[in-house]
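Coordinates in review
Take a look at the letters that make up each chain.
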Amino acid sequence: GLDPEYFVSFEFGPKLRFEDVEAQLSCFYTEMIDTIIRRPTGQTVNGSLEVTKSNEGDGHVQGVEVYAAWSFFEDFRLKGDYSWIEGVGDDFETSLSVMLRF
């Protein structure tokens, strides 16, 4: 009885290339809609709290990626990259019916 989750992503950034150097920057953002999360029902079954799943979660993920390379000899290349990502999403941290944002 669950509906599909939806993810909408956007990404943009420049790429540069010179004689011996290349670089790239990428920024991205993903919206999460109707994600499936567990939800406490408030009932107990055999001493354990009962949970169900529902399409109640929303959130997003965003980040940046940076890449650079330098060819300093014909067959040698020095390159490196860096990524940073963070996001938030809805969930129930405990068995209580209190939704939290992580």
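First things first, this report covers the structure right here in the doc. Not measured: the values here are computed from a predicted model. (Residues numbered from 1 in each chain as written. Predicted model: local features only at pLDDT ≥ 70, side-chain atom pairs only at ≥ 80, totals over all residues. Heavy atoms only, no water.)

1. Here we look at the overall build of the chain
- Helix and strand counts for the chain come out as zero helices and six strands.
- Each helix and strand of the chain, placed in order from N terminus to C terminus, yields the pattern β-β-β-β-β-β.
- By the burial criterion, 18% of the 102 residues in the chain qualify as buried.
- Pairs at least 24 residues apart make up 50% of the contacts formed inside the chain by residues separated by at least 6 positions.
- When the accessible surface of the chain is split by element, carbon and sulfur atoms take 55% of a total near 7800 Å².
- Positive and negative charge centroids in the chain, built from 8 and 19 side chains respectively, lie 2 Å apart. (Helix = DSSP H or I, 4+ residues; strand = E, 2+ residues; numbered from the N terminus. Buried < 20%, exposed > 50% of the residue type's maximum accessible area, 1.4 Å probe, protein only. Contact = heavy atoms within 4.5 Å. Areas by Shrake-Rupley, 256 points an atom, 1.4 Å probe, with all protein chains shown as cover. Lys, Arg positive; Asp, Glu negative; His and termini not counted. Charge placed at Lys NZ, Arg CZ, Asp CG, Glu CD.)

2. Topic: unusual backbone geometry
- With a phi angle near 55 degrees, Asp34 is a residue other than glycine that sits in the positive phi range.
- Positionally, Asp34 belongs in strand β3 (residues 21-45).
- If you check the backbone angles, Asn46 has positive phi at about 55 degrees while not being a glycine.
- The residue Asn46 is located in the loop between β3 and β4 (48-73) in this model.

3. Some remarks on the packing of aromatic side chains
- A complete count under the given rule lists four aromatic pairs for this structure.
- Ring geometry for Phe72 and Phe73: centres 5.3 Å apart, planes at 65 degrees, overall edge-to-face.
- According to the relative accessible area criterion, Phe73 is exposed, its value standing at 54%.
- Plain terms: the ring middles of Phe72 and Phe76 are 6.4 Å apart, the flat faces sit at 20 degrees to each other, and that makes the pair stacked.
- Classification of Phe72 by relative accessible area gives partly exposed; the value is 34%.
- Members of the aromatic cluster, joined through ring pairs, are Trp70, Phe72, Phe73 and Phe76. (Phe/Tyr/Trp six-rings, centres within 6.5 Å; stacked < 30°, edge-to-face > 60°.)

4. Concerning the pattern of salt bridges
- Taken as a whole and assessed by the stated rule, the structure comprises three salt bridges.
- Put simply, Glu22 and Arg17 hold a salt bridge, and the shortest N to O gap is 3.8 Å.
- Among the residues examined, Arg17 registers a relative accessible area of 66% and is labelled exposed.
- A salt bridge links Arg39 to Glu56; the nearest nitrogen and oxygen atoms lie 3.1 Å apart. With a gap of 17 residues between them, Arg39 in strand β3 and Glu56 in strand β4 connect regions that are remote in the sequence.
- Taking the relative accessible area as the measure of exposure, Arg39 reaches 27% and is therefore partly exposed. (Salt bridge = Lys/Arg side-chain N within 4 Å of Asp/Glu carboxyl O.)

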